[in-house]
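Structural characterization, general
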Amino acid sequence: MQRLIGAIEAGGTKFVLALAREDGGVLAETRIATRTPAECFPEVAAFFEQAAAAHGPIAAFGVGSFGPIDIDPGSPGYGTFTTTPKPGWAGASYRDALGRFGAPIVVDTDVNGAALGEWEQGAGQGCRTLAYTTVGTGIGTGVLRDGQSLMGFSHFESGHIPVPHDRSLDPFDGFCPYHGDCLEGLAAGPAIERRWGTSLSKLASPADKIELIAGYVSQLAVSLILLHMPDRLIFGGGVMKTPGLIPALRKATEARLAGYIQAPQLDPGLESYIVPPGLGDEAGITGAIALGRKALA
Ligand code: ZN
């Protein structure tokens with residue numbers, strides 16, 4: 001008898017909701033636009049109520065969510081949004097939103113969830129230490145060790161690392177409300193749109209611009225290598241789909257490492273080291289289902 005998992009991939013622009021069997025088979029799935037929790041959470045609960053009425057009771061929930069969010073299972077605020085500038089979200093809680101189902105809930109960040117999905121079924125299979133980074137509306141990284149996500153007193157915030165910013169080459173001030181020209185402020189999707197008026201993939205002559213963005217993102221790639229020595233770096237998210245960006249990132253990362261780290265993982269050209277998600281856009285929801293499996297255990 002397969003138990004049923006409610007899975008939520010919560011992103012800055014949309015929520016993906018799925019009811020799945022323990023083995024990952026999806027029975028029902030929908031997408032809703034991200035607005036305020038007062039608008040989203042009733043729709044989330046309604047979807048799972050209907051899905052449970054059709055397929056059976058939900059035994060556990062897995063949530064991979066944007067943040068900042070409390071992901072410490074020992075904390076009284078587990079599953080609650082913390083200091084987000086996103087209107088209405090500070091203090092919103094998945095445990096409140098899903099409490100009526102009386103099922104255990106595992107909540108992790110969207111990138112930790114996607115990392116888990118990739119580790120189980122995608123480009124991270126066989127890796128002991130795996131880093132999954134998204135470069136999209138925002139920038140974030142999940143780091144797994146043997147399938148367990150790493151954290152400190154909170155989840156990591158790789159998007160906000162400072163990066164060298166040559167204003168003669170790139171006069172854009174950055175858009176992060178806290179730091180201006182941190183990595184996210186310079187290289188996330190909204191930074192690209194504000195700087196050049198459109199997305200990287202729609203620019204007429206993008207070569208030098210791809211190189212600029214790859215240069216910024218390579219600062220993070222090198223930092224991840226130096227801090228965590230992952231077996232592989234996966235880079236997903238809307239910006240990373242730009243043709244030519246992953247090859248440019250490999251080149252910039254290799255140049256910045258300057259031969260300092262010698263390891264079999266770091267193949268010449270980094271073609272098997274820096275890779276796109278094997279599951280594509282399914283990494284997030286696959287990971288949320290895997291988080292639900294952890295809640296069952
Ligand atoms: Zn920042």
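So, a few notes on the structure that sits alongside this text.

1. A look at the sheet that holds strand β9 (residues 232-236)
The strand order across the open sheet formed by 5 strands is β8-β7-β6-β9-β10, and the pairing between neighbours is mixed. Every other strand in the sheet has two partners, leaving β8 (148-149) and β10 (274-275) as the edge strands with one partner each. With 5 bridges connecting them, strand β6 (residues 129-135) and β9 associate as parallel partners. Considered in β9, the bridge of Leu130 is made with Arg232.

2. Looking at the pairing of strand β7 (residues 139-145)
Successive side chains on a regular strand alternate, one facing one side of the sheet and the next facing the other. Of all the 7 residues making up β7, 6 are buried; the element is thus mostly covered by neighbouring parts of the structure. Pairing of β6 with β7 involves 7 bridges; the strand directions are antiparallel. Across the sheet, the residue bridging to Val135 is Ile139, located in β7. Once β6 ends, the chain turns through 3 residues before running back antiparallel as β7. Two strands pair when backbone bridges link them, and β7 and β8 are joined in this way by 2 bridges, in the antiparallel orientation. Among the inter-strand pairings, Leu144 is bridged to a residue of β8, identified as Ser149.

3. Some words on helix α8 (residues 283-296)
Over its 14 residues, α8 extends 20 Å from the first C-alpha to the last, a length consistent with the 20 Å expected when each residue adds 1.5 Å. Among the 14 residues of α8, 12 are classified as buried, and the element is accordingly described as predominantly covered. By the burial criterion, the buried members of α8 are Ala283, Gly284, Ile285, Thr286, Gly287, Ala288, Ile289, Ala290, Leu291, Gly292, Ala295 and Leu296.

4. Some remarks on the layout of surface pockets
Its boundaries defined by the atoms lining it, the second largest pocket holds a volume of some 240 Å³. Lining the second largest pocket are 15 residues, with Val106, Asp108, Gln148, Ser149 and Lys294 positioned closest to its centre. The set of elements that each furnish at least two residues to the lining of the second largest pocket consists of β5 (105-109), α3 (110-121), β8 and α8. A per-class count over the lining of the second largest pocket returns 9 nonpolar, 4 polar and 2 charged. Viewed by domain, the lining of the second largest pocket spans two of them, domain 1 (4-113 + 281-296) and domain 2 (125-276), each represented by three or more residues.

5. Considerations on the nonpolar core
If you look at the biggest cluster of nonpolar residues, it comprises 58 residues, and the most contacted ones within it are Ile8, Phe15, Val44, Phe48, Trp89, Tyr94 and Leu98. Element by element, the count of residues in this core is highest for α8, at 8 residues. Looking at this core, you find at least three residues from each of domain 1 (4-113 + 281-296) and domain 2 (125-276). Not counting residues within four places of it along the chain, the set of residues in contact with Leu98 comprises Ile8, Val44, Phe48, Phe61, Val63 and Ile105. If you look at the next biggest cluster of nonpolar residues, it comprises 40 residues, including Ala131, Val217, Met240 and Ile274.

6. Digging into the coordination of the zinc ion
Here the zinc ion is held by the protein donor atoms His160 (ND1), Cys176 (SG), His179 (ND1) and Cys182 (SG), which lie 2.1 to 2.4 Å from it. Taken together, the 4 donor atoms coordinating the zinc ion and their angles of 104 to 119 degrees define a geometry best described as tetrahedral. Sequence positions of the donors to the zinc ion reduce to the motif H-x15-C-x2-H-x2-C. One end of the pair, His160, is in the loop between β8 and α4 (183-187); the other, Cys182, is in the loop between β8 and α4, and 22 residues separate them in sequence.

What counts, and where the lines are drawn
- Residues numbered from 1 in each chain as written.
- Predicted model: local features only at pLDDT ≥ 70, side-chain atom pairs only at ≥ 80, totals over all residues.
- Heavy atoms only, no water.
- Pairing = 2+ DSSP bridges.
- Helix = DSSP H or I, 4+ residues; strand = E, 2+ residues; numbered from the N terminus.
- Buried < 20%, exposed > 50% of the residue type's maximum accessible area, 1.4 Å probe, protein only.
- Expected span 1.5 Å × (residues − 1).
- 1 Å grid on protein atoms, 1.4 Å probe; cavity = no way out; pocket = protein on both sides within 12 Å on 5 of 7 lines; lining within 4 Å.
- Points joined across faces, edges and corners; volume = space filled by probe spheres on them.
- Nonpolar A, V, L, I, M, F, W, Y, C, P; charged D, E, K, R; others polar.
- Domains from an automatic or database assignment.
- Core = buried A, V, L, I, M, F, W, Y, C linked by side-chain atoms within 4.5 Å.
- Contact = heavy atoms within 4.5 Å.
- Donors = N, O, S within 2.8 Å, 3.2 Å for Na, K, Ca; no water.
- Tetrahedral: all angles 85-135°; square planar, octahedral: opposite > 155°, others 65-115°.

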